[in-house]
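# Reading the structure
Chain by chain, the residues run as shown.
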Amino acid sequence: MSMGIDIVDTLTNTTILTYNFNSISGGGGTASQSKSLVGITLPSSMGFSITSVNSPGSNSNSVAIDVQDQITFDIAGNNLKSIQFECSFSFC
């Protein structure tokens, strides 16, 4: 199975990073990738967009994709350095 995933700015709907996962095994298979954030400004609101899913099967036996199945995404960061940030405070 293969899958394309974009991390998007949900306010502007622009793509921040694109990931293409290939050869993910069925039945709970996992895949991971690392990308550099050098030169990328992260927005305050981000989301995922699944851009493609392909499950060709084998020996001419198609594999059905159940769109109700669970897909889990995890994001981790390390060694992040802030050059500039903005913060607003609300007082009641």
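Residues numbered from 1 in each chain as written. Predicted model: local features only at pLDDT ≥ 70, side-chain atom pairs only at ≥ 80, totals over all residues. Heavy atoms only, no water.

Turning our eyes to something else, we now look at the overall build of the protein chain. Looking only at helices and strands, one finds zero helices and three strands in the protein chain. Scanning the protein chain from its N terminus toward the C terminus, one meets helices and strands in the order β-β-β. At 17 Å, the protein chain has a C-alpha radius of gyration far larger than the 12 Å of a compact globule built from 92 residues. Principal axes of the C-alpha set define a box for the protein chain whose edges measure 60 × 30 × 20 Å. Counting every position in the protein chain, which comprises 92 residues, the buried fraction comes to 16%. (Helix = DSSP H or I, 4+ residues; strand = E, 2+ residues; numbered from the N terminus. Rg over C-alpha atoms; globule rule 2.2 N^0.38 Å. Buried < 20%, exposed > 50% of the residue type's maximum accessible area, 1.4 Å probe, protein only.)

So, about the nonpolar core. In this structure, M3, I5, I7, I16, L17, Y19, F21 and I24 together form the largest nonpolar core, which totals eight residues. Elements represented by at least two residues in this core include exactly strand 1 (2-9) and strand 2 (14-21). It is strand 2 that contributes the most residues to this core, four residues altogether. When neighbours within four sequence positions are excluded, I24 is seen to be in contact with M1, G29, T30 and A31. (Core = buried A, V, L, I, M, F, W, Y, C linked by side-chain atoms within 4.5 Å. Contact = heavy atoms within 4.5 Å.)

Inspection of the secondary structure puts A76 in the segment after strand 3 (46-54). Considered as a pair, A76 and A31 are 45 residues apart in the sequence and their alpha carbons are 14 Å apart.

A separate point is the confidence of the model for the protein chain. Of all residues in the protein chain, 93% attain a pLDDT of 70 or more, and the chain-wide mean is 82. When pLDDT is averaged over each helix and strand of the protein chain, the minimum, 89, is found for strand 3 and the maximum, 94, for strand 2. (pLDDT = per-residue confidence, 0-100.)

On to unusual backbone geometry. Residues other than glycine seldom take positive phi values, yet N13 does so here, at roughly 60°. For N13, the position within the fold is in the loop between strand 1 and strand 2. Phi at S23 takes a positive value of approximately 60°, unusual for a residue other than glycine. For S23, the position within the fold is in the loop between strand 2 and strand 3. Exposure remark for S23: the relative accessible area of 71% places this residue in the exposed category.

One open sheet accounts for three strands, arranged 2-1-3; its pairing is antiparallel. Lying at the two open borders of the sheet, with one neighbouring strand each, are strand 2 and strand 3. Here the average twist between neighbouring strands, direction ignored, is 20°. Bridging between strand 1 and strand 3 involves eight bridges; their strand directions are antiparallel. Considered in strand 3, the bridge of S2 is made with N54. (Pairing = 2+ DSSP bridges. Axes fitted to C-alpha atoms, helices over the stretch in contact; angles between N-to-C directions.)

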